[in-house]
Amino acid sequence: MGVELYRSEVTDISWCPGCGNFGILKLLKETLDELNIKPEELVMVSGIGQAAKTPHYLRCNFFNGLHGRALPAATAIKAANPTLTVIAESGDGDMYGEGGNHFMHTIRRNPNITNIVHNNMVYGLTKGQASPTSERGFKTPVQLYGVVNEPFNPIAVAIALDASFVARAYVGDGAQTKAILKQAITHRGYALVDLLQPCVTFNKHNTYQWFREHTYYLKDDYDPTNRVEAFARALETERLPLGVFYIHPKATFEDNLGMEDGQAEPLFRWKLDRAKLMEMITTKQ
Amino acid sequence: MEKSEAVSIVLCGEAGQGIQTIEAFLIRLFKSAGYPIFATKEYMSRIRGGSNSTEIRVSSRPVAAFVERMDLLIPLDPDALGHLENRITPDTIILGEVEKISPPEHISVIDVPFSKIAAEIGNPIYANSVASGVVAGLFGLDLSLVTEQIQEFFGAKSSEIIQKNKEAATKGFQLGKELRDTGRVGFEISPESTVSDDIVVSGAEAISLGALAGGCNFIAAYPMSPGTGPLTILSQHARDFSIVAEQVEDEISAVNMAIGAWYAGARAMVTTSGGGFALMTEGISLAGMIESPLVVHIAQRPGPATGLPTRTEQGDLDLVLYAGHGEFPRIILAPGNISEAFYLMQKAFQLADEFQVPVFVLTDQFLVDTYYNVPMFELDRVAVKPRIVETTADYRRYVLTPDGISPRGIPGYGSGLVGVDSDEHDETGHITEDLELRVQMQQKRMRKMEAIRAVAEKPRLVSSTDYKVLVVGWGTTLEVLKEALTVINRPEIACLHFSQVYPLAPEAADYFKRAEKIILVENNATGQFGKLLHTTFGVSIDRRILKYNGMPFSVEELVSQIVTKMTEE
């Protein structure tokens, strides 16, 4: 099909020159093309922030909702029409801060969706405050003396909650990131991709250079089904491991609703069983 | 024995003592004996213990309102008499186990040893059937009807349990009959209308059935009294109807799921009470911006904050009227009774789909926890026609139209793409900061109010059309207002009741012009609906009857307060 298929009619892109978001958008388009997912079959769901604008710059169905609330909407969209490919994409502040409760409970619920989180360890759109993933000591106009809160570790939290698929990627490595995105999108169940990216305007600490020096890839002999090992790797902070940490295939939210994958009738085709309803009302006589 | 028009039976005891079993059985029994019946409960916010009571009204004609009067009181524990002392009069007949409830000197109780009889049969748990039997005997029902109903009621239990309950009810029945035959106690009442084709449902059941009838196939909710009923009922039937029912992590998730579900082609609702709804308000604003249909059921309870979790109030009208930042159209329905709860809930889905706006259905603890007989629900009285369109390649979700309604496509149905955005957006749903387009979009959204107002439910005028005094109410006070007016029985007084409180039907203005005196009745402290009438029609109402102690209005208090207010100069 070619990535041209995903070219958005929006030309006025509001990202800063050099922003990691451009790289993520490009990789996402290539991934979707290689997976042969048509724009009409895809729904991109996002919250608020610079990352959350991604769906506008990609030709697809999109639901750009409220700050922090992409996951409940994405879960419902998938349940209402399991034939759609649903990707919830936003930034670290949106998914891990404002939407933290939904992040935990969506993992527990395990809808068959992909959750891509642009993690640049800073708030961009609100101009440079700390994010839940900012490192201790990171100074901002609000955290004048440096961040004192423990950074949120999305990988460890997801593994602790026995997420179905947990990965971390880095936008600077195109081929590896595409491979991870492909695995995540084709994984049956909730799939988290914590996607590291620099913020060239507000984060002068976690730069392209910094990410190169502070990451490494999990090796080929790493076993992503070993939850304890996955958790141990998730706790490493000196150098952040990249790759697929953990895979646990299990029943999805849609399965648990009694919908058979592939055979599920989208709810827009649902018809009320009137006879059954009348029967139910008649029992009240 | 004097013939009554309606007898009020009150059962009172701790949570977990079986009041609900007796209540459920008596409702069935009286309905099968041909009587219109009504039951409402008041209870404390706890799982066990406390003092809870149920009022059952057996009547000759249908009634659907709470009365203070107690013709027959059955206290089941020592606290019951204290709990209801204010309502006990010399005419109240009290039947109970004197040994167990230890009544004070000044209250005379006819001693009926329910537990002792039950123990003789084999187990104290049969006491509830003894009590039910006594009541049946006092009303002179047929014993065969009682045992037949026991058989049906306990149908799923073992034959021994059914047999023992029959024995217990029969013993009770004989005691009741003896009291009646000797002329000590008894009730004489004959039904004037037929109820055999009627159904007996609670407000919560009516809301749930109405939702299904409206095509609801998705519910997301976080449990909160008294709004939990529809979540429970729809969850119990989710597999039967192949619908999605999900208990979520919080109300914020609930409302965002419901909006996501509508976006993808489902017909979704949420159910909650005031506090939970407060958490949903940003989502309501989202529905306003992306023009998503949404149905929100709110069973009100007294606030602020946690307030009185198991009591009733009409205190959240202002909240619902103004919920959500920014300006956008909405519809607020407030069923007056159980039948309306069904039909308006069904209609809520149609309105939401047709106008792409949030539709609120406001009930309260009184309505959801009350049940009585109503005519069989009809599925076709409200037309339900889904409004989704199949998209074409050039589809634009927010195409500007003369009436403000843009055809609603969904992803995965047609060759187009469907984009929605909480930012101000262009016709394709993409973010815009074009300020002229912003104005056009805001006008487009608000334009829908014209069409919405044109189909608003008109208020109903009860009794005299040639009135001088107009009593105004909304929502669940309908039936108590009707009964109070019947009792007052004066030709110069009428009631104007609103089942749609926003937007108000413009025709309503005329009713106020014709009145010499207007009395406002609301189950809240500040007269919220009165303020809305003032804003909308310029009507000022200074004769107000407001109640906010957590209990519904009783017929008696409304009669006396209306009479006082109408005679005030």
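Just so we're clear, the structure is a prediction, and the values are computed from it rather than from any experiment.

1. Topic: the overall build of chain A
Looking only at helices and strands, one finds ten helices and eight strands in chain A. Radius of gyration (C-alpha) of chain A: 20 Å, near the 19 Å computed for a compact globule of 285 residues. Viewed in the frame of its principal axes, chain A has a C-alpha envelope of about 70 × 45 × 40 Å. Long-range pairs, those at least 24 residues apart, make up 71% of the contacts in chain A between residues at least 6 apart in sequence. In the structure as shown, chain A presents an accessible area of about 11500 Å², 52% of it carried by carbon and sulfur atoms. Of the charged side chains in chain A, 29 are positive and 31 negative, and the gap between their average positions amounts to 4 Å.

2. Considering the confidence of the model for chain B
For chain B, mean pLDDT is 96; residues scoring 70 or higher make up 100% of the total. Here the predicted complex carries an ipTM of 0.97, next to a pTM of 0.97.

3. What to know about the pattern of salt bridges
Residues and elements named next belong to chain B. Applying the stated rule across the entire model yields 48 salt bridges over all chains. Across the pair Glu188 and Arg180 runs a salt bridge, and its minimum N-O distance is 2.8 Å. Given a relative accessible area of 30%, Glu188 falls into the partly exposed group. With its nearest N and O atoms 3.0 Å apart, the salt bridge here joins Glu424 to Arg438. Remark: Arg438 occurs in helix H16 (residues 435-454) and Glu424 occurs in the loop between strand S17 (419-421) and H16; sequence separation between them is 14 residues. By relative accessible area, Glu424 is classed as buried at 11%. Given the relative accessible area of 35%, Arg438 is considered partly exposed.

4. Here we look at helix H4 (residues 100-109) of chain A
A large share of H4(A) lies buried, amounting to seven of its ten residues. Taken residue by residue, H4(A) has A:Gly100, A:His102, A:Phe103, A:His105, A:Thr106, A:Ile107 and A:Arg109 as its buried positions.

5. Observations concerning the sheet that holds strand S7 (residues 215-217) of chain A
Sheets are built from strands paired through backbone hydrogen bonds, the pairs being either parallel or antiparallel. Strand order in the open sheet formed by nine strands is S7(A)-S8(A)-S5(A)-S6(A)-S4(A)-S3(A)-S1(A)-S2(A)-S17(B), and the pairing between neighbours is mixed. Two strands close off the open sheet at either side, each with one partner strand: S7 of chain A together with S17 of chain B. On average, each strand axis in the sheet is tilted by 20 degrees relative to the strand beside it, whichever way the strands run. When S7(A) meets strand S8 (residues 240-247) of chain A, the two strands line up parallel, connected through three bridges. In the sheet register, A:Thr215 faces S8(A), and the bridge partner there is A:Leu240. Sheet contacts for helix H6 (residues 174-186) of chain A: strand S3 (85-91), strand S4 (114-119), strand S5 (165-170), strand S6 (191-196), S7 and S8 of chain A; angle to S5(A), the most-contacted strand, approximately 160 degrees. With respect to the sheet, helix H8 (residues 227-234) of chain A is in contact with S7 and S8 of chain A, its orientation differing from that of S8(A) by roughly 155 degrees.

6. Comments concerning the side chain of B:Thr432
By the element assignment, B:Thr432 lies in the loop between S17 and H16. Not counting the four nearest positions on each side in its chain, B:Thr432 is found in contact with B:Glu424, B:His425, B:Asp426 and B:Leu437.

7. Looking at the packing of aromatic side chains
Summed over all chains, the structure comprises 24 aromatic pairs over all chains. With 5.2 Å between their ring centres and 70 degrees between their planes, A:Tyr96 and A:Phe103 make a pair best called edge-to-face. Assigned by exposure class, A:Tyr96 and A:Phe103 land together as buried. Seen in terms of ring centroids, A:Phe103 and A:Phe152 are 6.0 Å apart; in terms of plane orientation they differ by 70 degrees. Their pairing is edge-to-face. In this pair, A:Phe103 is assigned in helix H4 and A:Phe152 in the loop between S4 and helix H5 (154-160), connecting sequence segments 49 residues apart. Judged by its relative accessible area of 25%, A:Phe152 falls in the partly exposed class. Linked through ring pairs, B:Trp474, B:Phe498, B:Phe512, B:Phe529 and B:Phe537 together constitute an aromatic cluster.

8. Some words on the environment of A:Ala234
All names here are of chain A. Note that Ala234 resides in helix H8. Along the primary structure Ala234 and Asp220 are separated by 14 residues, whereas in three dimensions their C-alpha atoms are 17 Å apart. Ignoring sequence-local partners within four residues, the contact set of Ala234 consists of Asn153, Ile155, Ala156, Ile159 and Phe245.

Criteria and cut-off values
- Residues numbered from 1 in each chain as written.
- Chains lettered and ligands numbered in written order.
- Predicted model: local features only at pLDDT ≥ 70, side-chain atom pairs only at ≥ 80, totals over all residues.
- Heavy atoms only, no water.
- Helix = DSSP H or I, 4+ residues; strand = E, 2+ residues; numbered from the N terminus.
- Rg over C-alpha atoms; globule rule 2.2 N^0.38 Å.
- Contact = heavy atoms within 4.5 Å.
- Areas by Shrake-Rupley, 256 points an atom, 1.4 Å probe, with all protein chains shown as cover.
- Lys, Arg positive; Asp, Glu negative; His and termini not counted.
- Charge placed at Lys NZ, Arg CZ, Asp CG, Glu CD.
- pLDDT = per-residue confidence, 0-100.
- Salt bridge = Lys/Arg side-chain N within 4 Å of Asp/Glu carboxyl O.
- Buried < 20%, exposed > 50% of the residue type's maximum accessible area, 1.4 Å probe, protein only.
- Pairing = 2+ DSSP bridges.
- Axes fitted to C-alpha atoms, helices over the stretch in contact; angles between N-to-C directions.
- Phe/Tyr/Trp six-rings, centres within 6.5 Å; stacked < 30°, edge-to-face > 60°.

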